[in-house]
Amino acid sequence: MAKVEKAKTEAAPTPLPAKGKKINVHYLTRVEGHGNIVAEIDAGGKVSVCRWEVPEAPRFFEAMLIGRNYQDVHHITSRICGICSIGHQLSSLQATEDAFGVQISEQTLLLRKLAIHAENLQSHFLHVGYLALPDFMGAASVLPLAASHKEEVLAVVACHRTANRMSDMICGRTIHPQRMVPGGFAKLPTDDDLKNLKAMLEAIVPKAKAILDVVVDVAGNIPKFHRQTEYVALVSDAEYPLYWGEIGSSKTQRRPNQLYKDVTREYCLPQSTAKWTKGVDDSYMVGALSRFNLNHDKLSHLGKEAARKLGLKAPCHNPFMITAAQLVECFHSVEDSLRIIDILLARGIRNETPAPIKTFACKGVGAVEVPRGILFHAYEYDENGRIANADCVIPTNQNHANIQRDLDALLPTLATLSEADIELKLSMLVRAYDPCISCSTHHIDLTGDSNKLVKFIRK
Amino acid sequence: MKIKEFSAYLPRPATLKVKKELSELVTLFEFENDSGRPLMHKPGQFIMLSVYGVGEAPFSVSSAPIRESNNFELAVRKIGAVTGIMHDLKVGDKVGIRGPYGSFFPIQKFVGQDTLFIAGGLGYIPLRSLLHYQLKHRDEFGRIILLVGTRNPKERIFIDQLAELASGKDVEVLETVDVPDETWKGHCGVITTLIPKVRIDPDKTNVAMVGPPIMYKFCLGECLKIGIPSNRIYVSLERKMKCGLGKCGHCQINHLNACIEGPVFQYNQIESVEEAI
Amino acid sequence: MKPKIAFFDFAGCEGDQLQVANLEEKLLDILSHVEVVSFREVMTGHSDDYDIAFVEGSITRPEDEARIKDIRSKAKYLVALGACATIGGVNCIKNFMSPDVYKERVYGTSGRWYSTYAARPLKKVVKVDAELHGCPIDRSEFARVVKELLLGRQPWIPDYPVCVECKKAGNICRYDLGRICLGTITRAGCGACCVTEGAHCWGCRGVAPKANLDAAREAMNKNGFDHKTVRDLLRFFLGDTYAPL
Amino acid sequence: MTAYTVYLEQLHAMLAAWSKEHQVYVPTAVEGGYFDFKPWREGVEIAFDYDLAYNTLKRYFLPPKEDLVVFDLAAKTAEMVFDAPKQLLFGVHPYDIRGINQLDQIMETGAPDQYYLHRRDATVVFGLTPMRVAETAFWSSMGAGEVDRGFDLFWTKTGPSTFLVEVGSMRGEKMLLAAGELTPASAGAREAARKAHLKIMEMGRSNALNFDWKQVPRLLDKCWNSPLWQKKAELCLACGSCNLVCPTCYCFDIREEADELLQKGVRFREWDGCMLTSFALVAGEHNFRAKALERYRHRYMRKGKYIYDRYGELGCIGCGRCVRACTTNIANPREVFNTLWEASQHED
Ligand SMILES: Cc1cc2nc3c(=O)[nH]c(=O)nc-3n(C[C@H](O)[C@H](O)[C@H](O)COP(=O)(O)OP(=O)(O)OC[C@H]3O[C@@H](n4cnc5c(N)ncnc54)[C@H](O)[C@@H]3O)c2cc1C
Ligand code: SF4
Ligand code: SF4
Ligand code: SF4
């Protein structure tokens, strides 16, 4: 394997210019959606501005759902985000089924678990391989790496493609899939599909290990920054929970999903139109690292091994390590998928039709661990099975405040670096969270009257 | 069933030799068959020309049927995908061709007789093949009368050639444009208005007529009016074509295939075919 | 010289750009013929010098208009990418509510801070040279269209309804199963993927240019689907196109 | 015709043996109470009593999409490609065999379509006497209830576990006897098969053309200006479903696509249909059949007259697939022909 060049992140301190430093990352790249970082350090080295902004257009999904039939709801919410569309569908279906008291079959449950694995793999490989790795390797994108590290990039491509094919095979499509419906599946994979899938997943294990080696190689470039925060994720005594569980926190006891509002306490800032979420005391983190911190002992064998190689130990308070946790989860997802496929193959795919649904006025909540963290959908239906009220709490949404807090903590430590290096470090931090802004802005953001941007902190 | 490892869809290579602009949108292309063999077309027939990666389209062969030459001419108007790319071809570029396909003007029936050519717009392109044949064998044919109609002076094609013909003795040329501009000194009005202007002997005149769909209705009426029987009138009908082999169905005119029974029809064969004219 | 291409997005889910990334190896091959100068989702760096702009998402705010017009003025060729950009897509569901209501629903009293107006497709604001339909776009169609542009031809986009491809796929028609479907009026090009995967056609590729809407509606009614069901389906993606329906 | 008696218990081993060389397709039950041909393998239940294959069998000879030539974009050279997998269609009804025979004739005439012929040659057809008639079918009154050629074997279920198998070709007989000797059919078995055939023809009569099908071309001759075309065409979605499901519709479009490196390309053909609005549209926006009426009428003229004028057979074999495929219920040849007939009776 080609030796990876050390990225030039630990650049020599530059003397402070008299006029101070200004960072303005207008549209952070290699993230999903539009986000800006604005920071200013005055001539004295003191941080005067530090802001994570989201200028993405709001889309009003919760309002759009009003009056829609329960069969269409997950197809609409799927469109909140192209990257997490499977996760949105799963959370949405869970909420609808919870509302109408639908019991899904074991086969449906297993297939849905495969679906969430597929999505995690899809998203994590994309983020680790295409979006984050270039940072650790000092490249502007995966494109130049394709020339310098062809083999590794092809490994990433192969893993990502397999994850996509897995989504196709289980859900029917990688983005906005069509097979999953309330109560079950409109079309089922065949035993042959599963056999193929099994072979494909087995084939990417060595490729994923190659990616792991690269990341281990450049692990020294992962900034050493620690800030303790609250970690929130689904927890379960039975497994490393992704499809369902209870809401767990590093600071308080677990809660049933119905009480999601107690955890994701939303509030408004006087000078901001954006909603914030607040855990026990203040901001909290969701996503791969949170899940790892809370559930690491339930990881599969390969997952644990990967964590060991990466030096990832719970509790880890370095947000830059989210990427590492994602890679760990990839191994877990592949291994757990293989386990599920074996169960399904042993039973043989049964030609089940979706569980019948009787509509009545009711409420339900769904909570699924999607790539970026815990995703809640909560619906209220009228007696005709049409939405009367909807609420979706999106992971990136829950992370925004934590990102801001991390930036606040990180920036002062960078005051002596060059503007370019500060910019890179701040960008890397935000990218580590893998923010999914399209998702989050169905809700937060936008247009204060003065500068058309929401200010996330009190100045 | 005769199974053969043979594809009627396989084009043969040809090379662009000469490219000449005829009007803003129409260009004359001279191609050479790479096979070293002549095209062996008859006047009125068409070929399918491929630009690989873009597509295939039918074009009438515009040059006279000459057995001794491997070259042939097409005149093409830029209007879509294939024709658009063709205009970017450079001399020396290769294309694929299939054919010639379709029916043709039966030269033998024109021998010893007068011919009235009625060319509307691009209709001159296929007629030119027959016209050039007649000019080459001038003594075998009677009078040659050529009526040419174009929408406006800018769209006229083969201007020099027409001028040359008009100044010579072999052909009686009458030209008109539908909408004149300040440069235009000649006849104005649709091509139909030219027909009564020529004095012909209906008993020994054949008509060869090609033009846009709307032209036929009126011109055919005029021809019948001056006494030419429908079995002496030949028209060429163009339809959408994909295969040129009578299979793809696009060129159907009622029960007829424009690519097999056509494009050249004796008018009496199609007088009662509703979709023809 | 290699044509320069750039990607931009407005209100949308970025699924279409993800579809492009999902071309995997094929993308790497295509990239050997073009120079990507802006693709925020996968690369750092940006240039204002581009030939072909691929634009995803709907225009939902007055301030978006300036940005899309700027993109238009710089691009020689502008391709709308995906339902939000070509027909307004799901974003148009909100167009049937009063802005006061949907702002209040989502943001409570803070709603008044948000500038937003009825979502609209790009072509309502700027000239669009080609449209790649679908929610999300079909990745092989994207690849084909890029290749056609590179070869110098106007892209071929089917103008017939989805039923054509549904028949080719050999599906059982939803109507034969007592279900509803918009394939009868929706522009093909997706291979009838939703029907093939067990759902029905939602209309994400927009109405086929010569679609017979009256006949389709009558057929839906005759098959027992009431006004509200039909309307809801037409408002899933086609809200902008057939708003009064 | 030579005929043998085959017992259901023998069939399984035969299918397994045929599968070694051929991809075998059999009628099976699918969603919604419909039937369709699907690949056979262990455990697939054959629906001997299927009423109609939902999809037409033409896809095995004229696939929805088929490569014609591959080319090299740089060298500007082209090569032909033929793909003709060995396949066996087990259980094809007589009317569908008629459809195949008609396609054979069309594809062989003039410039023989070698792509079709290759596939046809590589396909073994085993006929089957129907045991049920689809609601929409009217083949028994279209002269399509029986066939004497176009199959390699023809099967008729004469008892709960017994088939009479007639030999249609040497290839068929060889395949039938490959596993060992069989009992030649007795006179009684032949009689039972004849009865089975009569029975189904009788059942088919409940849904019939009201007049002799041979009159259809002459009838249509007089109907060019019938008001029926416009009335029906108003509801036409121009969805082409009626074309695409029809076993005797064969029109196609030709297009091509280059590979991602723009080095090689492939030219292929894909099903097309005369009911689609741009079927006769040419560059410059001239459409030779711009109106729904014109397209709608053309299809019936093709089915009832033009094909007959050329090949001496109706272009409609009465399978009734289009009847079912049309969402707006206007694509029923039986109904259209009957209505026109009715109207013409009043004219005289
Ligand atoms: C017998 C015959 C002779 C012709 N001779 C000439 C000629 O000499 N010079 C000339 O400029 N044009 C001629 N045409 C018209 C020419 O074929 C079309 O202009 C050409 O097909 C347009 O192709 P395109 O790919 O540029 O257009 P597009 O609109 O991109 O068409 C795509 C495809 O549709 C088919 N198609 C579209 N328009 C026509 C059409 N008018 N006729 C047949 N098929 C069509 C072709 O297969 C074409 O490749 C002739 C047509 C026919 C039928
Ligand atoms: S299922 Fe939909 S797309 Fe398919 S044929 Fe029926 S109406 Fe058309
Ligand atoms: S026209 Fe209809 S009934 Fe006749 S053969 Fe075709 S599909 Fe069958
Ligand atoms: S199936 Fe019906 S609606 Fe569709 S094209 Fe045929 S006649 Fe028209």
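Residues numbered from 1 in each chain as written. Chains lettered and ligands numbered in written order. Predicted model: local features only at pLDDT ≥ 70, side-chain atom pairs only at ≥ 80, totals over all residues. Heavy atoms only, no water.

## Notes on the overall build of chain B
Okay, so step 1: In terms of helices and strands, chain B carries six helices and 15 strands.
Okay, so step 2: On C-alpha atoms alone, chain B measures out to a radius of gyration of 18 Å, which is about the 19 Å that the 2.2 N^0.38 rule sets for 277 residues.
Okay, so step 3: Principal-axis analysis of the C-alpha atoms places the extent of chain B at approximately 55 × 45 × 35 Å.
Okay, so step 4: A fraction of 69% describes how many contacts in chain B between residues 6 or more apart in sequence connect residues 24 or more apart. (Helix = DSSP H or I, 4+ residues; strand = E, 2+ residues; numbered from the N terminus. Rg over C-alpha atoms; globule rule 2.2 N^0.38 Å. Contact = heavy atoms within 4.5 Å.)

## Comments concerning the overall build of chain A
Okay, so step 1: The helix and strand tally for chain A stands at 14 helices and 13 strands.
Okay, so step 2: When each of the 459 residues of chain A is scored for burial, the buried share is 67%.
Okay, so step 3: The long-range fraction of contacts in chain A, counting pairs at least 24 apart against all pairs at least 6 apart in sequence, stands at 72%.
Okay, so step 4: Surface accessibility of chain A: about 15100 Å² in total, with carbon and sulfur atoms responsible for 53%. (Buried < 20%, exposed > 50% of the residue type's maximum accessible area, 1.4 Å probe, protein only. Areas by Shrake-Rupley, 256 points an atom, 1.4 Å probe, with all protein chains shown as cover.)

## A short note on the site of ligand 4
Okay, so step 1: Neighbouring ligand 4 are the residues C236(D), L237(D), A238(D), C239(D), G240(D), S241(D), C242(D), M275(D), C326(D), T328(D), I330(D) and A331(D).
Okay, so step 2: Grouping the constituent residues of the shell around ligand 4 by class yields nine nonpolar, three polar and no charged. (Near = heavy atom within 4 Å. Nonpolar A, V, L, I, M, F, W, Y, C, P; charged D, E, K, R; others polar.)

## Observations regarding the pattern of salt bridges
Residue and element names in this part refer to chain D.
Okay, so step 1: One pass over the full model with this rule turns up 72 salt bridges over all chains.
Okay, so step 2: Between K264 and D72 there is a salt bridge, and its shortest N-O distance comes to 3.5 Å. Of this pair, K264 sits in strand β12 (residues 264-271) while D72 sits in strand β4 (residues 65-72), placing them 192 residues apart in sequence. (Salt bridge = Lys/Arg side-chain N within 4 Å of Asp/Glu carboxyl O.)

## Notes on the site of ligand 1
Okay, so step 1: Taken together, 23 residues are adjacent to ligand 1, and E56(B), P58(B), A75(B), R77(B) and T83(B) come closest.
Okay, so step 2: The residues that come close to ligand 1 belong to more than one chain, namely chains B and D.
Okay, so step 3: G80(B) places a polar main-chain atom, nitrogen or oxygen, 3.3 Å from an oxygen atom of ligand 1.
Okay, so step 4: At 2.6 Å, a side-chain N or O of T83(B) approaches an oxygen atom of ligand 1.
Okay, so step 5: Here ligand 1 loses 87% of its free accessible area of 810 Å² to cover by the protein chains.
Okay, so step 6: Going through the elements one at a time, β4 (55-60), β5 (71-77) and α1 (81-86) of chain B are the ones with two or more residues in the shell around ligand 1.
Okay, so step 7: For the shell around ligand 1, the leading source of residues is β4(B), giving five residues.
Okay, so step 8: Of the residues in the shell around ligand 1, the class split is 14 nonpolar, three polar and six charged. (Polar contact = N/O pair within 3.5 Å; in protein donor to acceptor, adjacent residues only side chain to side chain.)

## A short note on the environment of D51(C)
All names here are of chain C.
Okay, so step 1: Within the element layout of this structure, D51 appears in the loop between β2 (35-38) and β3 (52-56).
Okay, so step 2: A relative accessible area of 17% places D51 in the buried class.
Okay, so step 3: Distance in space between the C-alpha atoms of D51 and I5 is 5.8 Å, their sequence separation being 46 residues.
Okay, so step 4: If we skip the residues at most four places from it in the chain, D51 touches K2, P3, K4, A75, K76 and Y77.
Okay, so step 5: Within the local environment of D51, its side chain forms a polar contact with the backbone nitrogen of K4, the two atoms lying 2.7 Å apart.

## Some words on the nonpolar core
Okay, so step 1: Counting residues in hydrophobic clusters, the biggest one holds 208 residues, and the most contacted among them are I170(A), L426(A) and W229(D).
Okay, so step 2: No other element matches helix α4 (residues 106-136) of chain A, which puts 16 residues into this core.
Okay, so step 3: The residues contacting W229(D), other than those within four sequence positions of it, are L220(D), C223(D), W224(D), L293(D), Y296(D), R297(D), Y300(D), M301(D), V336(D) and L340(D).
Okay, so step 4: Listed in part, the 72 residues of the second largest apolar core include A75(B), I233(B), C243(B) and V273(B). (Core = buried A, V, L, I, M, F, W, Y, C linked by side-chain atoms within 4.5 Å.)

## As for the pairing of strand β1 (residues 21-25) of chain A
Two faces make up the sheet, and in a regular strand the side chains alternate between them.
Residues and elements named next belong to chain A.
Okay, so step 1: Here β1 shows a clear split, with K21, I23 and V25 buried on one side and none of K22 and N24 buried on the other.
Okay, so step 2: One ladder, built from five bridges, connects β1 with strand β2 (residues 36-41); its direction is antiparallel. Note that in β2 the partner of I23 across the bridge is A39. (Pairing = 2+ DSSP bridges.)

## Overview of the packing of aromatic side chains
Okay, so step 1: Taken as a whole and assessed by the stated rule, the structure comprises 45 aromatic pairs over all chains.
Okay, so step 2: Ring geometry for Y175(C) and F225(C): centres 6.3 Å apart, planes at 75°, overall edge-to-face. Residue Y175(C) is located in the loop between α7 (162-169) and α8 (193-196), and its partner F225(C) is located in the loop between α9 (213-222) and α10 (227-237); the two are separated by 50 residues in the primary sequence.
Okay, so step 3: With a centroid separation of 6.2 Å and an interplanar angle of 90°, the aromatic rings of Y300(D) and F337(D) are classed as edge-to-face. With a gap of 37 residues between them, Y300(D) in helix α9 (residues 292-311) and F337(D) in helix α11 (residues 333-347) connect regions that are remote in the sequence.
Okay, so step 4: On the basis of relative accessibility, which here comes to 0%, the residue Y300(D) falls in the buried class.
Okay, so step 5: A residue is classified by how much of its surface remains accessible, and F337(D), at 0% relative accessible area, is buried.
Okay, so step 6: The structure contains a cluster of three or more aromatic residues connected by ring pairs, namely W18(D), F48(D), F90(D), F126(D), W155(D) and F163(D).
Okay, so step 7: Sitting above the plane of the W224(D) ring, R297(D) keeps its charged end 3.6 Å from the centroid.
Okay, so step 8: The ring of Y300(D) carries the charged tip of R299(D) above its face, separated from the ring centre by 5.1 Å. (Phe/Tyr/Trp six-rings, centres within 6.5 Å; stacked < 30°, edge-to-face > 60°. Lys NZ or Arg CZ within 6 Å of the ring centre and 35° of its normal.)

## Brief notes about the sheet that holds strand β5 (residues 77-80) of chain D
All names here are of chain D.
Okay, so step 1: Read across the sheet, four strands follow the order β5-β4-β12-β11 without closing on themselves; strand pairing throughout is antiparallel. Edge positions in the open sheet fall to β5 and β11 (252-258), since each of these has one partner strand only. In this sheet, adjacent strand axes meet at a mean angle of 25° when their direction is disregarded.
Okay, so step 2: Relative to β12, β11 is paired through seven bridges, and the arrangement is antiparallel. (Axes fitted to C-alpha atoms, helices over the stretch in contact; angles between N-to-C directions.)

## Quick notes on the domain arrangement of chain B
All names here are of chain B.
Okay, so step 1: In terms of domain boundaries, chain B breaks down into domain 1 (12-101) and domain 2 (107-236).
Okay, so step 2: Each of domain 1 and domain 2 was reduced to a C-alpha centroid, and the two centroids are 24 Å apart.
Okay, so step 3: Across the contact, 17 residues belong to domain 1 and 16 residues belong to domain 2.
Okay, so step 4: It is L22, P43 and S62 that lose the most area in domain 1 upon contact with domain 2, and together they represent 33% of the buried surface on that side.
Okay, so step 5: If you look at where domain 1 meets domain 2, you find one salt bridge.
Okay, so step 6: Among the salt bridges present, the one from R128 reaches E73, with a minimum N-O distance of 2.8 Å.
Okay, so step 7: Inspection of the domain 1/domain 2 interface yields five residue pairs in polar contact (both at pLDDT 80 or more).
Okay, so step 8: Elements that contribute at least two residues to the side of domain 1 that touches domain 2 include exactly β2 (26-33) and β5. (Domains from an automatic or database assignment. Buried area = accessible area lost by both parts, 1.4 Å probe.)

## Examining the confidence of the model for chain B
Okay, so step 1: Predicted confidence across chain B gives a mean pLDDT of 92, with 100% of residues reaching 70 or more.
Okay, so step 2: Overall fold confidence (pTM) sits at 0.92, and the ipTM for the predicted complex is 0.91. (pLDDT = per-residue confidence, 0-100.)

## Notes on the confidence of the model for chain A
Okay, so step 1: Mean pLDDT over chain A stands at 84; residues scoring 70 or higher make up 87%.
Okay, so step 2: In this model residues 442-459 of chain A is a low-confidence stretch, pLDDT under 50, and it forms 81 contacts with partners more than four residues away in sequence or in other chains.

## Quick look at unusual backbone geometry
Okay, so step 1: Here the residue pair G262(B) and P263(B) is connected by a cis peptide bond, since its omega of 5° sits within 30 degrees of zero.
Okay, so step 2: Its place among the elements puts P263(B) in the loop between β14 (256-257) and β15 (264-266).
Okay, so step 3: With an omega of 0°, the peptide bond between C135(C) and P136(C) qualifies as cis.
Okay, so step 4: Positive phi values are uncommon outside glycine, yet F158(B) reaches one of about 55°.
Okay, so step 5: Mapped onto the fold, F158(B) is located in the loop between β8 (144-150) and α4 (159-167).
Okay, so step 6: On the accessibility criterion, F158(B) (4% relative accessible area) is buried.

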